[in-house]
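Fold and contact review
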Amino acid sequence: MGAALVVVVLVLLVVSLGLGQFRLSPAQVVAALTGDGLGHVVVVQWRLPRALAAVVLGFGLAVAGALFQTVTRNPLASPDVVGLAHGAFTGVLVALVLGAGSWLTLTASAVAGGLSAALAVWLLASGGAVGGLRLVVVGIGVSALLASVNTWLLLQVELDVAMFASAWGAGSLNGVTAVQTTPAAVVTALLVVGALTLTTSLRQLDLGDDVAAATGVRVALVRGVALLLGVLLVCVATAVVGPVAFVALVSPHVARRLARTPHQPLLLSGLVGALLLLASDVVAQHVLPVPLPAGVVTVSLGGAYLVHLVAREVRRR
Amino acid sequence: MPPRSLEAAAPSSSSSPEVGSGRRRRRAPLTVGLPVVLLAGFAALVAAVVLSLAVGAKPLAPAAVLDALAGRGSADAQYVMGLRLPRTAAAVLAGAALAVAGALVQGLTRNPLADPGLLGVNAGAAFAVALGVALLGLHDPWSVLWLALSGALVLSAAVIVVGGAVGGAGSAGRSGGSGAAGSVGGGSVGGGALRLVLAGVALGAALSGITTGLVLSDPDAFDAMRSWNAGSVLGRGWDVLGPALPFVLAGLLIAVVCARGLDALSLGDDLARSQGVRVARLRLAVVAAVTLLAGAATAVAGPLVFVGLVAPRVARWLVGPSLGRLLPTCLLLGPVLVLLADVIGRVLIAPAEVPVGVVIGVVGAPLLIAVARRSTR
């Protein structure tokens, strides 16, 4: 199943590299990747960073979602549980209200906002079990608070600024270049490798804290590290494309149904996430009549697929 | 904007959030006599109504309020009353409907953290409003009311169909169950209820994505939606309240009929069935009631978060978990909550106003966090 998904992602990657004003067939794309000339410039310098960013960051987001769902034992949890997306959006809105506009300022304030929200949730939930119910509920509270503040801030700025902020808040790959893709890819790869070293311990955790502890797993430590890795993965993605909704939530579900395993398969989730974000970006760029943020498509595609899965389960019984 | 997947994160995880089997014992419900609570609630409601009529950009003394209500007093006061009376009525209607809807959803999912928004009511209403504003150019409150209402109704119907609350009725109610949905539930929420919630979350998310897309490609629609989204009772006239009232009353009627069955359901699907409750049919009726109530409230005031969560929670603390006692308490507490939030929003940055939805979010969140810190681990 994993190999098939890799092939699908690669095929879609090649196809997406050929789409746009300057249209290329898949064969021409492959030739342009190695050759030089105008085709090389368009494919490698213009389109490849964006497409690769979709693949890498989709992968990272999905792995983060799988980590969160495993640690909190909550199949509907995503890194949003600690308020990252709302916090990042608040950061951007505050920066815009204060008059900042450069890409770097916005990114920095987004990451700062997301991390502060996560830190606030973490502190407010302290004293509870790591990754326990208290974390989830406090996260809901902080997120709701930030959502209200965001609504209010959106009403305070001019219409065009508000629309720009909302487009950013939906998560978009517009304007992503190699400058951002390369460091993001390196950091994501390191974090994913870190997550993979936890695989065995996380499986034990699935059996319950007591069983895991009895088999030598340091429960609190593993949970804390897993959550931290998840938060960092999301931060990287947020810094580059903004808070893309739903990839982290839905990818592990799809992967688990594809793999037919009870636990969250990390790598397979990652592949599903990569496919989802890449496909969403292709749809957002080339299929829709008006250009929209990829995050808008992600939610619609992911949501529709989840609806399909639930409906099929209901019918099967 | 991210979908409201967060509320969804609560139910499945909560093996029993209410129990709070932690180191500290949970404070027992007060369960003072129901008449005492209802009397106090009614007094609070009257006080909140008077406040709502008196406070604002042009404050009126309570005596002047009474005078204006009786048709006497200055023309100024009468004019102000003409603006504040329908607004107050809108807050009462929305608050009562949302609080009762919240109590029903919490009974249905057996989850004290569930919120009417889980069934996709808000997303459906927002989608229909955005569609109407963007494609048909419908801006007036009356059209928005019908758009929101029909959007909420259509989406809830879709959630019911997808979530399998109708058809195969026998199996839909089987709790736990095997397969992915069962494992998703973690065995804590009845399988049928969980699938409903999952269907609501997924459909709501997909629609909210399309809504964002629609709105981002049309500045007019965006402008209309960003104020609608905040939730406000400002400028709601009688013409908007009239059409919403029958839906709220119908929802309340179903709620009263379902109360006993829901109490039985709190013991588990099988026990409820053994007491003669038809679980699948009950679930369907409850979802219908929630849709009518929350849909009408959303149509009147826009999406108000937290009312459906906080009011039933406070009510449960006051009178215990039985729905027969919860429902009348919610009916009084919900309006008090919305009225007070609206009054706060009026004075906070006067002469400008903070929308009531924003106030409720900012005040309600710390409350939720405090409760979470006390009753969960």
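Residues numbered from 1 in each chain as written. Chains lettered and ligands numbered in written order. Predicted model: local features only at pLDDT ≥ 70, side-chain atom pairs only at ≥ 80, totals over all residues. Heavy atoms only, no water.

Okay, the overall build of chain A next. Looking only at helices and strands, chain A features 14 helices and zero strands. Counting from the amino terminus, helix and strand elements in chain A follow one another as α-α-α-α-α-α-α-α-α-α-α-α-α-α. Rg of the C-alpha trace for chain A: 20 Å, near the compact-globule value of 20 Å for 317 residues, within the 12% margin. Of the roughly 12,400 Å² of accessible surface on chain A, 70% is carried by carbon and sulfur atoms. (Helix = DSSP H or I, 4+ residues; strand = E, 2+ residues; numbered from the N terminus. Rg over C-alpha atoms; globule rule 2.2 N^0.38 Å. Areas by Shrake-Rupley, 256 points an atom, 1.4 Å probe, with all protein chains shown as cover.)

Turning our eyes to something else, we now look at the overall build of chain B. The number of helices and strands found in chain B is 16 helices and zero strands. Per-residue burial over chain B gives 59% buried out of 377 residues. For chain B, the exposed surface amounts to about 14,200 Å²; the carbon and sulfur share of it is 69%. (Buried < 20%, exposed > 50% of the residue type's maximum accessible area, 1.4 Å probe, protein only.)

Residue and element names in this part refer to chain B. Scanning the model with the defined rule gives five salt bridges over all chains in all. Note that Arg226 and Asp223 form a salt bridge whose closest N and O atoms lie 2.9 Å from each other. Of this pair, Arg226 and Asp223 both sit in helix 10 (residues 219-230), separated by three residues, roughly a single helical turn. Look at Arg226 and you get buried, because its relative accessible area is 11%. In the salt-bridge network here, residues are joined through shared partners; they are Arg87, Asp342, Arg346 and Glu353. (Salt bridge = Lys/Arg side-chain N within 4 Å of Asp/Glu carboxyl O.)

Our next topic: the nonpolar core. Formed by 212 residues in total, the largest nonpolar core has its most connected members in Leu57(A) and Leu104(B). If one sorts the elements of this core by residue count, helix 3 (residues 38-72) of chain A sits on top with 15 residues. In contact with Leu104(B), other than residues within four places in its own chain, are Ala255(B), Leu262(B), Val286(B), Ala289(B), Val290(B) and Leu293(B). One finds Leu60(B), Ala68(B), Ala77(B) and Val80(B) within the second-largest nonpolar core, a separate group that totals eight residues. (Core = buried A, V, L, I, M, F, W, Y, C linked by side-chain atoms within 4.5 Å. Contact = heavy atoms within 4.5 Å.)

Next up on the list: the packing of helix 5 (residues 103-124) of chain A against helix 6 (residues 133-156) of chain A. Residue and element names in this part refer to chain A. Helix 6 packs onto helix 5 with a crossing angle of 135° between their chain directions and a minimal axis gap of 9 Å. Viewed along their axes, helix 5 and helix 6 adopt a mutual orientation that is oblique. By crossing handedness, the relation of helix 5 to helix 6 is classed as right-handed. For the pair helix 5 and helix 6, contact is made by Ala117, Val121, Trp122 and Leu124 and by Leu135, Val138, Gly139, Val142 and Leu146, respectively. When grouped by side-chain class, the residues that make up the contact of helix 5 with helix 6 number eight nonpolar, one polar and no charged. (Axes fitted to C-alpha atoms, helices over the stretch in contact; angles between N-to-C directions. Parallel < 35°, antiparallel > 145°, perpendicular 65-115°, else oblique. Left-handed = near helix turned anticlockwise from the far one by under 90°. Nonpolar A, V, L, I, M, F, W, Y, C, P; charged D, E, K, R; others polar.)

Note that predicted coordinates carrying low pLDDT should not be read in detail. Looking at chain A as a whole, its pLDDT mean stands at 83, while 97% of the residues score no less than 70. Looking at the elements of chain A, mean pLDDT is at its lowest for helix 14 (residues 294-316) of chain A, recorded as 79, and at its highest for helix 13 (residues 266-287) of chain A, recorded as 90. (pLDDT = per-residue confidence, 0-100.)

Residue and element names in this part refer to chain A. Within the UniProt annotation, "transmembrane region" (unreviewed entry) is assigned to residues 48-69, 81-100, 106-125, 132-155, 186-205, 225-254 and 290-311. Across residues 186-205 one finds 90% helix and 0% strand; the C-alpha atoms that close the span lie 29 Å apart. Secondary structure across residues 225-254 comprises 83% helix and 0% strand; the distance between its end C-alpha atoms is 25 Å. (UniProt positions renumbered as here; feature names shortened; annotations may be inferred.)

Bringing the environment of Ala147(A) into the picture now. Residue and element names in this part refer to chain A. Along the chain, the position of Ala147 falls in helix 6. On the basis of relative accessible area, Ala147 is assigned to the partly exposed category, the value being 26%. Expressed as a C-alpha distance, the spacing of Ala147 and His86, which sit 61 residues apart in the sequence, is 6.2 Å.

Residue and element names in this part refer to chain B. In the numbering adopted here, UniProt assigns the feature "transmembrane region" (unreviewed entry) to residues 32-55, 117-138, 144-172, 193-216, 244-262, 282-306, 326-345 and 352-372. Taken as a whole, residues 282-306 contains 80% helix and 0% strand, while its terminal C-alpha atoms sit 25 Å from one another. Helix makes up 100% of residues 326-345 and strand 0%, and the two end C-alpha atoms of the span are 28 Å apart.

A few words on the environment of Leu61(A). All names here are of chain A. Inspection of the secondary structure puts Leu61 in helix 3. Separated by 39 residues in the primary sequence, Leu61 and Phe22 have C-alpha atoms spaced 31 Å apart. The residues contacting Leu61, other than those within four sequence positions of it, are Val234, Ala237, Val244, Val247 and Ala248.

To continue, consider helix 10 of chain B. Residue and element names in this part refer to chain B. Its 12 residues place the ends of helix 10 17 Å apart at the C-alpha level, agreeing with the 16 Å of an ideal helix rising 1.5 Å per residue. Within the sequence span of helix 10, burial applies to Ala221, Phe222, Ala224, Met225, Arg226, Trp228 and Ala230. Where helix 10 begins, one side-chain oxygen reaches toward the backbone nitrogen of Asp220, 3.0 Å away; that side chain belongs to Asp218. The first or second residue beyond helix 10 is Gly231, which carries a positive phi of 80°. (Expected span 1.5 Å × (residues − 1). Polar contact = N/O pair within 3.5 Å; in protein donor to acceptor, adjacent residues only side chain to side chain.)

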